[in-house]
Amino acid sequence: MGSSLPVNVTINGNSAGAPCVFPFLYNGNYYAECVSLDWSVLWCSTTNNYNRDRKWGECLDYDVCLYHETLSDPWRNIGFNFTSVSGWRVNDSSLQEGWYEFSGIGGDRMAYYCLSFTIADNTVVLIDCNVNSDFVLNTCEVPTQHVDCGGELVLYYLTPINRTYITRHSSCGPSSCGQHARCGLAYGSCECEPGITIPDGFLPTGDSYGCSELILNLREECKDTFTGECAKEFLSSIQKITAEGLPQEIVERYLEKVLECMNVLENTVTDQNQLVWYGNAVLNAVEKLVSTLVMETDTTNVTNITLPTLDVIVFVVGPNASLGTTIQLTIRSALMDIDLIGISKNNNGSAAVAFMSYTNLSTLLRPSFFNSPVNTEKTMLSTVVSAILPKTTNTQLTKPVNFTLKHIARLQPKSILTCVHWKETKWVEDGCKVTHTNESHSTCSCVHLSTFALIMLPNPGQSDPLLELLNMIAVSVGLVFLSLALLTFALCKRDSRVTNTALINLCISLLLAHLLFLLTQEFLGYIRRYKMVCAAMAGVLHYLFLSAFVWMFIEAFLLFLFVKNMTKIRSKKDVLSWKYLIVIGYVIPLAVVGVSVGLFPGGYGSEKCWIQKNFTWSFLGPVCVILASNIVLFCVIIVMLKYALAGLNNQVSQFRQTRILVFKTIVQFIVLGCSWILGFFSEGSKVLEIVFLFLNSQQGTFIFLVHCVLNQKVRQQYRKYLSMVCSCCKSVTKAPAKKTSSHPHSN
């Protein structure tokens, strides 16, 4: 009988599955169907003359398109490199003869029509006549019988051979090659994604090629023993990765390897230059690996990685993302607020940010690499964090980025906190400042992205406790005498020979300035934690000290008018009333402070809650102008007095008082002005610092001595009040004695 099955093929025999040919000649007879002559099963000739060709096969009683074997080995794919398979060759010598379907990630078609192949350097090069390209293969298979069952199903008749049947994809798409692999450039091949490969000795099975190893080309000895040199070689190799995207599990695996490098290096490297090199290499390697996690998205995508000493979060926004202007990324021991939406608007609607926290990177990038203004011990108070904008063209920030860092050490009361970022070889402060701090956390605001940390200077000025005590006592004594001077001026306010508006307000300004300064230095450790409060205190101190100098100038100017007119300062002939003087004395320094804030908003709030070093001109400039003006005025006054007294008796009362007043004002100018001039040069000299501290703190004492103790009128008033107090005390002590002696029951 003839074949009634949909597909006319055979099995076994010697024709490799060739179809039956009807009619065929066998022993002088023609047969138009399968026969069982001289054989136990039905068979047929696969040519029209069996007697001549001797080609035959067993006839099937089932539809081979429905019932057949399946091979789905990934290693059969034409793109698989045999050198990654242990033992080099995988062959099909044990394969059972029959009809087979190829499926899975290896491909659904056999790669045949091979003209020739050569073996060179353990690589088999197959030349295909259809594509005219070279491919890396295990072996080259021989042509075989196949049948097209329709619906993209093609069957092949396979027999045992000492070679390998190679496959390809008839239509290769994004999911054809499985996880971490993609379609090759030729003939339906598969290959690992760029930058990764199949581990040595690994034979792919199932639905994955096992593409899980980065192409780093490390030395063989580094695979067994990971030394410092191997760590250096590994970190350098990471930078050569060309893959645009890597799977998260692969990135995690190699991040763990980077952390292993850190553990090796921290125990073997001590040289500062090497520590800096390795620290930069670790940062670059982590950033390179993390950048491969960024994938395009229409909305948002978040990737989190948590390792023992490293935390990573990658946040990607797309054109259709609906978020607020600022997003907050939280990882262990740190969080970051960044305007990623604003950045994405400058990048066609898409942007990505990666935020990393290193637990032990400070063993390489040590806090001692921070060049602080003073040479003192430095402590890393937070983990090291990094922020980058991977695969983002325009990395310009639209708003400052805020980092809130958890303290990993105890915050000492009088310490200085500095928010620093890593710049090639050292920690620097540029572009970052601490905006808030408490016992457990601090917040840094930065105008750029980099690698950041908090560094604490426990004893920033290496201050001498004895010097601190001397400062507190001296300022306190000065405040007491300033208070006594003001009390004296209040009691003698009607006597212009004792006081005037300028002198009273000068003392008020100095009293408030020294009191605020004393409180600021006493509670400096607490105030410094709040940057805004520290800056405000510095601004108020700036204003009060400037006000004192302005009042000193006003006093000199009034003295000039007094000498010129030879009248009393508070007489009706005064040019300006006390109300105008008040406005001038307090508005001018306020204007200077306002202009200073407008020109340089960040000029206030140094380590000691004073003016920043690059902002001292806002204080020194006005002070120098006032001191120079006072010197000119005093020279003019002295010349005027000389000519006025030349033809007069030196005993004239008015001129005598005038000379005394000029003398007191000049002494006051020297005490107030020269101490600050000395302060300009006291840095670096312990002796000058002590002298400056004493002179500056005792300004109130000198004012009290010059204007009160050395003033005859004041001394008379002191005697008057002292006698009154003594009289009161005597009357109080005598009254009880008289009362006791007159008691009727006294003895």
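Residues numbered from 1 in each chain as written. Predicted model: local features only at pLDDT ≥ 70, side-chain atom pairs only at ≥ 80, totals over all residues. Heavy atoms only, no water.

## Structural notes on the confidence of the model for the protein
Part 1 of the argument: Predicted confidence across the protein gives a mean pLDDT of 78, with 80% of residues reaching 70 or more.
Part 2 of the argument: Across the protein, element-level confidence peaks in strand S25 (residues 384-388) with a mean pLDDT of 95 and bottoms out in strand S11 (residues 134-137) with 39.
Part 3 of the argument: Below a pLDDT of 50 lies the segment residues 737-747, which in the model reaches two contacts outside its immediate sequence neighbourhood of four places, other chains included. (pLDDT = per-residue confidence, 0-100. Helix = DSSP H or I, 4+ residues; strand = E, 2+ residues; numbered from the N terminus. Contact = heavy atoms within 4.5 Å.)

## Quick notes on the sheet that holds strand S21 (residues 327-331)
Part 1 of the argument: Taken in spatial order, the five strands of this open sheet run S21-S22-S26-S30-S29, and their pairing is antiparallel. The open sheet has two edge strands with one neighbour each: S21 and strand S29 (432-437). Adjacent strand axes in the sheet meet at a mean angle of 20°, parallel and antiparallel pairs treated alike.
Part 2 of the argument: Pairing analysis gives five bridges linking S21 to strand S22 (residues 334-338), with the strands arranged antiparallel. Within S22, the residue paired with Gln 328 across the bridge is Asp 337. (Pairing = 2+ DSSP bridges. Axes fitted to C-alpha atoms, helices over the stretch in contact; angles between N-to-C directions.)

## A word on the environment of Leu 695
Part 1 of the argument: With respect to the helices and strands, the residue Leu 695 is situated in helix H14 (residues 686-697).
Part 2 of the argument: Judged by its relative accessible area of 26%, Leu 695 is partly exposed.
Part 3 of the argument: For the pair Leu 695 and Gly 478, spaced 217 residues apart in sequence, the C-alpha to C-alpha distance is 9.8 Å. (Buried < 20%, exposed > 50% of the residue type's maximum accessible area, 1.4 Å probe, protein only.)

## So, the packing of helix H4 (residues 248-266) against helix H5 (residues 272-291)
Part 1 of the argument: Closest axis-to-axis distance for the H4/H5 pair is 10 Å, and the angle between their directions is 175°. Regarding the angle of H4 to H5, the classification is roughly antiparallel. For the pair formed by H4 and H5, the contact residues are Val 251, Tyr 254, Leu 255, Val 258, Met 262 and Leu 265 on the first element and Tyr 278, Val 282, Ala 285, Val 286 and Leu 289 on the second.
Part 2 of the argument: Tallied by class, the residues present in the contact of H4 with H5 amount to eleven nonpolar, no polar and no charged. (Parallel < 35°, antiparallel > 145°, perpendicular 65-115°, else oblique. Nonpolar A, V, L, I, M, F, W, Y, C, P; charged D, E, K, R; others polar.)

## As for the pairing of strand S30 (residues 441-446)
Part 1 of the argument: When you tally the buried positions in S30, you get five out of six residues, the bulk of the element.
Part 2 of the argument: Note that strand S26 (residues 401-406) and S30 share six bridges and pair antiparallel. The partner of Asn 402 across the bridge, within S30, is Ser 445.
Part 3 of the argument: Inspection of the sheet shows S29 paired to S30 by five bridges, in the antiparallel sense. Each residue of the ladder has a partner; that of Cys 432, found in S30, is Cys 446.
Part 4 of the argument: Here S29 hands over to S30 after three residues, the two strands then running antiparallel side by side.

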